[in-house]
Amino acid sequence: MIIGNGNWIGSITAGSGLVRVRYAPSPTGSPHVGNIRTALFNWLFARHHGGRFILRIEDTDAARKIEGAEEEIMESLRWLGLDWDEGPVVGGDFGPYRQSERLSIYQDMARRLAEEDKAYYCYCSTERLAEMRAQQAKEKRPPGYDRRCRELPPSQRPAGIPPLVRYKMPVEGKTTFHDLIRGDVTFDNAVLDDFVILKSDGYPTYHLANVVDDYLMEITHVMRADEWIPSTPRHLLLYEACGWRPPLFVHLPIILGPDRAKLSKRHGATSLAAYRDQGYLPEAMLNFLALLGWSLDDKTEVLTKEDIVRHFSLERVGKTAAIFSLEKLDWMNGLYIRHLGAEDLRDRLMPFLDKGLPPEAPRPLSPGYVLAIASLVQERLKKLSDVVELTDFFFVDDLSYDVSLLLGKSLKRDLASQALELSIQRLKPMAVFDAHSLEETLRPLAADLGLKTGAFFGLLRAAVTGRAVTPPLFESMALLGRERVMDRLEQALGRVKAILGLTG
Ligand code: GLU
Ligand code: ZN
């Protein structure tokens, strides 16, 4: 049975064979990684099957709506490369794709359900409902509407009070839905209350809007996080009340931290945008997120987007919790960074350097210089943002560091001073200032000075970079150039001498 005769009522066409899936975020902030995993799985499923991926904005909860969040959702999808076939900006035949622009559709449906006695008007005040809930909590009873208005005859409807509309839940029986991953899931109808489908301000609840839109947009598979499982029997009953064939349901496995606790901030559960801003590559992020619940063969970790699209299937989506490990993400990101071409890496590092380097570093940064620096650090980056700390000494004139960095743990002051002096002396006549000649000139000095190579190089590293951890020393010196290296060695010598002088 198909209810209604409005021109928006479609026919049941989910059988056309074309996969149609949707990502239906509420614009309540910048989407978190767990939420984006849902978008990704829907997108992969659509692309694998040559179907349609639809973006629908579920913005009917005005209180939770955040200005700009819709843009952030779209920006996150774009950054990962998840293009949508229908939705805001791109349009489509089933729009509008923003629920706030579809209110009359939900209102019509709620009215129709009420006329057919599958739903009813409730006039209870907010105060009464709050009191009822408090009482239930006190008596340790499950929360739920007490159905006072369920059999209210139209003649007794109070005037002047805008009602809300509740679904008339069957009081007995069971509702079972088949989940493509979990199999049959059954709920006792008795545990479900007469939930609201339309609020008194004319806005639908999530349940009504979600069901109506999934039907009207001809969604074939509803794929979402498992936290929505308790909502699914309600949705099923609504489909039945409307006389519609429901879509197929897929609830994705929960995501936990490595300690198997609910994923939280401390595990790295933050917005996708925060990952982008720290310098994770979208291709690494996509690979990592795809493995949160799906796998090719339980062992292959590194897969391109094309590989994943080609192989993605619900059969390989697990029931058990997916573990979100930041350590693994860092490893994977480093791996992707190491595989970037030199110029690609340079181009991706540029904005991080531009933003992260101190103001005295001359802008615009030289693309050729950054290219050379990028190749020196490529092996060492876990995140693009690491580049700033690793390479800032290439860009600024004055290094600020504590003299203790020069001396390390054990170097004697007079020996340090001697080592710097000797280095300066040997470097001065060097004809070619390249990494190879630098190493040939400097390496033998350690023995001459009676120093361990590590301690000597540590001193030089501190002197020319002001840092303890840097790209390879001689390559860095070559790139800095003779003038700056000599200048920094002199400065370091001055610092060591200053404290020598102080303490005699
Ligand atoms: N608007 C819901 C959300 O924010 C959609 C849930 C669903 O996919 O049904 O996740
Ligand atoms: Zn009521």
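What counts, and where the lines are drawn
- Residues numbered from 1 in each chain as written.
- Chains lettered and ligands numbered in written order.
- Predicted model: local features only at pLDDT ≥ 70, side-chain atom pairs only at ≥ 80, totals over all residues.
- Heavy atoms only, no water.
- Salt bridge = Lys/Arg side-chain N within 4 Å of Asp/Glu carboxyl O.
- Helix = DSSP H or I, 4+ residues; strand = E, 2+ residues; numbered from the N terminus.
- Buried < 20%, exposed > 50% of the residue type's maximum accessible area, 1.4 Å probe, protein only.
- Pairing = 2+ DSSP bridges.
- Right-handed = clockwise from strand over helix to strand, strands pointing away.
- Polar contact = N/O pair within 3.5 Å; in protein donor to acceptor, adjacent residues only side chain to side chain.
- Contact = heavy atoms within 4.5 Å.
- Phe/Tyr/Trp six-rings, centres within 6.5 Å; stacked < 30°, edge-to-face > 60°.
- Lys NZ or Arg CZ within 6 Å of the ring centre and 35° of its normal.

Caption draft 1: Region of interest: the pattern of salt bridges. Enumeration over the complete set of coordinates arrives at 38 salt bridges. Here Lys 118 and Glu 116 are joined by a salt bridge, their closest N and O atoms 3.0 Å apart. A salt bridge links Lys 497 to Glu 421, with the shortest nitrogen-to-oxygen separation between them at 3.2 Å. Here the residue Lys 497 occupies a position in helix α19 (residues 482–503), and Glu 421 occupies one in helix α15 (residues 413–427), the gap between them amounting to 76 residues. Look at Lys 497 and you get partly exposed, because its relative accessible area is 43%. Taken together, the salt bridges that share partners define one network made up of Arg 22, Arg 56, Glu 58, Arg 102, Asp 213 and Asp 214.

Caption draft 2: Seen up close, unusual backbone geometry. Residue Pro 96 follows Gly 95 across a cis peptide bond; omega there is 0°. For Pro 96, the location among the structural elements is in the loop between α2 (69–80) and α3 (103–115). In this structure, Pro 364 follows Arg 363 across a cis peptide bond, with omega equal to -10°. Looking at where Pro 364 falls in the secondary structure, it is placed in the loop between α11 (342–356) and α12 (367–377).

Caption draft 3: Structural detail: the pairing of strand β9 (residues 248–252). Taking burial as the measure, the five residues of β9 include four buried ones, the bulk of the element. Of the strand pairs in this sheet, strand β8 (residues 221–225) and β9 are connected by five bridges, and their pairing is parallel. For Val 222, the partnering residue across the bridge sits in β9 and is Phe 249. Running through helix α6 (residues 232–242), the crossover from β8 to the neighbouring parallel element β9 is right-handed.

Caption draft 4: Quick peek at the pairing of strand β5 (residues 174–179). Burial along β5 is one-sided: the residues Thr 175, Phe 177 and Asp 179 are buried and none of Lys 174, Thr 176 and His 178 is. Relative to strand β6 (residues 183–188), β5 is paired through six bridges, and the arrangement is antiparallel. Looking at β6, one finds that Phe 177 is bridged to Val 185. If you look at the hairpin formed by β5 and β6, you'll find three residues sitting between the two strands.

Caption draft 5: Geometry of the side chain of Asp 59. As for its position among the elements, Asp 59 is in the loop between β2 (52–55) and α2. Among the polar contacts listed, one links the side chain of Asp 59 to the backbone nitrogen of Gln 99, at a separation of 3.2 Å. Among all residues touching Asp 59, those that are not within four sequence positions of it are Pro 27, Lys 65, Arg 98, Gln 99 and Ser 100.

Caption draft 6: Molecular detail of the packing of aromatic side chains. Following the criterion strictly, the structure yields 14 aromatic pairs and no others. Seen in terms of ring centroids, Tyr 369 and Phe 394 are 6.2 Å apart; in terms of plane orientation they differ by 90°. Their pairing is edge-to-face. Of this pair, Tyr 369 sits in helix α12 while Phe 394 sits in the loop between α13 (386–391) and α14 (403–407), and the two are 25 residues apart along the sequence. By relative accessible area, which is 1% here, Phe 394 ends up buried. Put simply, the rings of Tyr 275, Tyr 280, Phe 288 and Phe 324 touch in pairs and so form one group of aromatic residues. Stacked on the ring of Phe 41, the Lys or Arg Arg 37 has its end atom at 5.4 Å from the ring centre.

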